[in-house]
Amino acid sequence: MMTELPDFLPVLPEFLLICAALGLLMAGAFLREGKAASDVIGLWAVLFMTVSGLLVVSGSGVQITTFNGMFITDHFSVFMKILILVSVSVTLMMSLPWLQYERISRFEFPILVLFATVGMLMMVSANDLMAMYLGLELQSLSLYVIAAYHRDSSRATEAGMKYFVLGSLASGLLLFGASFVYGFTGQTGFDGLAKSFAGVDRASMGAIIGAVFIVFGLAFKLSAVPFHMWTPDVYEGAPAPVTAFFALAPKIAAMALLVRVLTGPFMAMAEQWQQIVMILAMASMILGAFAALNQTNIKRLMAYSSIGHVGYALIGLSVGNMIGVLGLLVYLAIYLVMNLGVFAIILSMRQKGRLTEGIEDLSGLAKTQPLIAASLAALMFSMAGIPPLAGFFSKLYVFIAAIESQMYVLAIVGVLTSVVSAFYYIRIIKIMYFDEPVATFDQPLSRSVALTLAASSIVVLCFFLYPPPLLMQAEEATAALFPG
Amino acid sequence: MHSIMFYVFAIIAIFGSIIVITARNPVHSVLFLVLVFCNVAGLFLLLGAEFLAMILVIVYAGAVAVLFLFVIMMLNINIVPFREGFLSYLPIGGLIGMILFAELVMVAAGWVFAPNMPAGNLLATTTHGIPNTEALGQVLYTRYIYQFQTAGIALLVAMIGAILLTLRSRSGVRRQSVARQLVRTKANSLELKKVPTRGGV
């Protein structure tokens, strides 16, 4: 029996990354030349990700499916993949010198990051329940290992273990849901599922339960409340570069998958899932705002802050229409830029060769290192949503979407919690500007960290001058999800 | 005959699984787990899914259970503290279990398949009139190549992870190097010295 070869062009970016990871793995295993080897492999990994990003962009945005409808590329996937590749390569660039300095750099790190990236790209392009699960599992498996990467630290090992156990539970929930959906519809492909739900005024109970479980499984990966328990511990326990990595790309990928699943196959049962996503959004915003209030560790603070941000982004999804998803995409892009900047600073928090993570360690930074303090202040104001910084616009778009669909409760909770969260963001600025200086960061910052910090503060400061490029891309991406 | 076999397999499987969680000795638990696997494999055979049945025996009973046994014997788990807190967790655990059970009953009561689902979909084993091992073989590397390869990469990641997290290159360990042993000759490893009589060494 002859079968046609599947169209390979759409999967070229992923294929390139897999080949690169395999090649670099071989290189790392055989060319063991001292400590520098991991740096070289890391740089090659970044290079391959850049090439892969170019391939993603050059693939235009026309909707193509391949591998019997398992894999889809469209404007939405292009947008999300670029966000993921940018976040991964920038965090990897910033991590390499950090790991080198801490003497825990090993060549497997960039390789696992590469595999995780492939998993994320597959999640973004999944067009089938099986492809979705496999992409998710490839990503999670790499992340479990990366979380426990610093194996001599008991906290990192604990973080990895926690993440592994809870993550497997979430994967189990997701699979359980997927099996329900398959059992009640006989379909695994997203197109087929959409067809089988369309035109029925009430989907069967089993399929709804399946959809709910899938949403829960993905909400875990997003760390939306009440599936957030692992986040603070993992963020605090893992080494700082790993935290930076966790806070960005996996969230973007999980969000992309959630958006695709809910607006694609399960769009017909929007009434059912909108309530769930709404509750997730509200709970995340509230917990993200209140639990962060008395944190003293900056990584833990960022964990709660990321929970809150996921909540705001989910507002866009719970609205469930084009404006909402547009808001979500803009939110994610700006969240990415802000977080890269903040983590650049967290990665450079090192005083007299010793790592520091306390918020108090930032005391009086404005007097000793005014430039770093100023950019962190800009980033924090932006996270708090103070106009005219980028963070304000990202919140503005999701709130507008909520108000236009008469979901006033969501918008009100959102505004109130952002007022509460403004307290802890601005407290950092107060500590930097009005407290007595304790010590200064070791100079100089590594070049990649300094560049990232500069770039992200400039984008955050100047976004309001010229937002159209991002908006246009996001609009195109959204249009791909809502044809007609 | 068919239904007798079903009840035999099912009853043994249920009893086996109860013993798995109640047995005092973890080694016994694992052995009963193997029994459960074998009976479930029998159930699969009755359903006409011979491939699943064989995989279950080979992978679960053959590999996974044996691995469990190794781990349990190596860890030397103490039985008494293992069971501590069982009673104190029983009320809340039981409550959650009851709620889940009630929910499952409610789902089962409202059991409706999606209306436009093709009828033959659930009985994949009989659609082509070929054994399901062959049917799997026909699609595994063609229709489902994407999933197959992705699963392979995920396994590779698991392997890299296991090595990364456990392999330590310890210093001061003497290792056997076969090549070095073989290239040794009498000339470069043995030295004959003439010791003068009464001279000492």
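**Student:** Looking at this structure, I do not really get the overall build of chain B. What am I missing?
**Tutor:** Looking only at helices and strands, chain B features nine helices and zero strands. Of the regular secondary structure in chain B, the N- to C-terminal order runs α-α-α-α-α-α-α-α-α. Taking the intrachain contacts of chain B between residues at least 6 apart in sequence as the baseline, contacts between residues at least 24 apart amount to 59%. Carbon and sulfur atoms make up 71% of the accessible area of chain B, which totals about 15600 Å².

**Student:** Is there a simple way to explain helix α2 (residues 26-47) of chain B in this structure?
**Tutor:** Helical geometry note: an α-helix holds 3.6 residues per turn, so side chains three or four residues apart project in the same direction. Residues and elements named next belong to chain B. With 22 residues, α2 should cover 32 Å at 1.5 Å per step; its first-to-last C-alpha distance of 31 Å lies within 8% of that length. Within the span of α2, buried status applies to Pro26, Ser29, Val30, Leu33, Val36, Phe37, Asn39, Ala41 and Gly42. Its side-chain oxygen 3.0 Å from the backbone nitrogen of Val27, Asn25 forms the N-cap of α2. Just downstream of α2 lies Gly48, where phi reads positive at about 85°.

**Student:** I keep staring at the packing of helix α3 (residues 75-102) of chain A against helix α4 (residues 108-125) of chain A and nothing clicks. Help me out?
**Tutor:** Residues and elements named next belong to chain A. Where α3 meets α4, the axes come as close as 10 Å, and the angle between the chain directions of the two elements is 165°. One way to sum up the angle between α3 and α4 is to call them roughly antiparallel. Along this stretch, α3 crosses α4, giving a crossing that reads as right-handed. Packed against α3, whose contacting residues are Ser77, Met80, Lys81, Ile84, Leu85, Val88, Leu92, Ser95 and Leu99, the element α4 presents Phe109, Pro110, Val113, Thr117, Met120, Leu121, Val124 and Ser125 at the interface. Tallied by class, the residues present in the contact of α3 with α4 amount to twelve nonpolar, four polar and one charged.

**Student:** Just checking my understanding: could you explain the packing of aromatic side chains for this structure?
**Tutor:** Residues and elements named next belong to chain A. Evaluation of the coordinates by the stated rule reveals 25 aromatic pairs over all chains. Judged by centre distance (5.0 Å) and plane angle (40°), the ring pair of Phe216 and Phe227 falls under tilted. Residue Phe216 is located in helix α8 (residues 205-222), and its partner Phe227 is located in the loop between α8 and α9 (230-237); the two are separated by eleven residues in the primary sequence. A residue is classified by how much of its surface remains accessible, and Phe227, at 16% relative accessible area, is buried. Ring geometry for Tyr312 and Phe399: centres 6.2 Å apart, planes at 75°, overall edge-to-face. Remark: Phe399 occurs in helix α16 (residues 390-404) and Tyr312 occurs in helix α12 (residues 298-319); sequence separation between them is 87 residues. Take Tyr312 and Phe399: they sit in the same class, and that class is buried. Chaining the aromatic ring pairs together yields one cluster made of Tyr144, Tyr163, Phe164, Phe220, Trp230, Phe245 and Phe246. Lys395 extends its terminal NZ or CZ atom over the ring of Tyr312, reaching a point 4.6 Å from the ring centre.

**Student:** I tried to follow the interface of chain A and chain B on my own but got confused; where do I start?
**Tutor:** Accessible area lost on assembly of the parts is the figure often given for the size of an interface. If you look at the interface, chain A gives 40 residues, while chain B gives 33 residues. Counting each side, the surface lost to burial between chain A and chain B is near 3300 Å², with a carbon and sulfur contribution of 73%. When the area that chain A buries against chain B is broken down by residue, the three leading residues are Leu134, Arg151 and Phe184 of chain A, summing to 19%. Inspection of the chain A/chain B interface yields zero salt bridges.

**Student:** Can you walk me through unusual backbone geometry in this structure?
**Tutor:** As a rule of thumb, non-glycine residues mostly have phi less than zero, and peptide bonds are mostly trans rather than cis. Residue and element names in this part refer to chain A. A cis amide bond links Val225 to the next residue, Pro226, at an omega of 5°. Relative to the helices and strands, Pro226 is located in the loop between α8 and α9. A cis amide bond links Pro387 with the next residue in sequence, Pro388, at an omega value of 5°. With respect to the helices and strands, Pro388 occurs in the loop between α15 (370-384) and α16. Backbone geometry places Arg103, a non-glycine residue, at a positive phi of 60°.

**Student:** Is there a simple way to explain the side chain of Asp74 of chain A in this structure?
**Tutor:** Residue and element names in this part refer to chain A. On the secondary structure map, Asp74 appears in the loop between β2 (71-73) and α3. At 2.9 Å, the side chain of Asp74 forms a polar contact with the backbone nitrogen of Ser77. Leaving out residues up to four positions away in the same chain, Asp74 has contacts with Gly61, Val62, Gln63, Arg260 and Ala480.

**Student:** Would you mind showing me how to read the nonpolar core here?
**Tutor:** A general feature of soluble globular proteins is that nonpolar side chains tend to end up buried together. One finds Met80, Ile214, Phe245, Phe246, Phe266 and Leu314 of chain A to be the most contacted residues of the largest nonpolar core, which totals 197 residues. Per element, the largest residue contribution to this core is 19 residues, and it comes from helix α13 (residues 322-347) of chain A. When residues no more than four places from it in sequence are discounted, the contact partners of Phe245 of chain A are Val88, Thr91, Val113, Ala116, Met120, Leu143, Ile146 and Pro250 of chain A. Core analysis: the next-biggest nonpolar cluster, separate from the first, contains five residues, Val20, Val36, Phe37 and Ala61 of chain B among them.

What counts and what doesn't
- Residues numbered from 1 in each chain as written.
- Chains lettered and ligands numbered in written order.
- Predicted model: local features only at pLDDT ≥ 70, side-chain atom pairs only at ≥ 80, totals over all residues.
- Heavy atoms only, no water.
- Helix = DSSP H or I, 4+ residues; strand = E, 2+ residues; numbered from the N terminus.
- Contact = heavy atoms within 4.5 Å.
- Areas by Shrake-Rupley, 256 points an atom, 1.4 Å probe, with all protein chains shown as cover.
- Expected span 1.5 Å × (residues − 1).
- Buried < 20%, exposed > 50% of the residue type's maximum accessible area, 1.4 Å probe, protein only.
- Polar contact = N/O pair within 3.5 Å; in protein donor to acceptor, adjacent residues only side chain to side chain.
- Axes fitted to C-alpha atoms, helices over the stretch in contact; angles between N-to-C directions.
- Parallel < 35°, antiparallel > 145°, perpendicular 65-115°, else oblique.
- Left-handed = near helix turned anticlockwise from the far one by under 90°.
- Nonpolar A, V, L, I, M, F, W, Y, C, P; charged D, E, K, R; others polar.
- Phe/Tyr/Trp six-rings, centres within 6.5 Å; stacked < 30°, edge-to-face > 60°.
- Lys NZ or Arg CZ within 6 Å of the ring centre and 35° of its normal.
- Buried area = accessible area lost by both parts, 1.4 Å probe.
- Salt bridge = Lys/Arg side-chain N within 4 Å of Asp/Glu carboxyl O.
- Core = buried A, V, L, I, M, F, W, Y, C linked by side-chain atoms within 4.5 Å.

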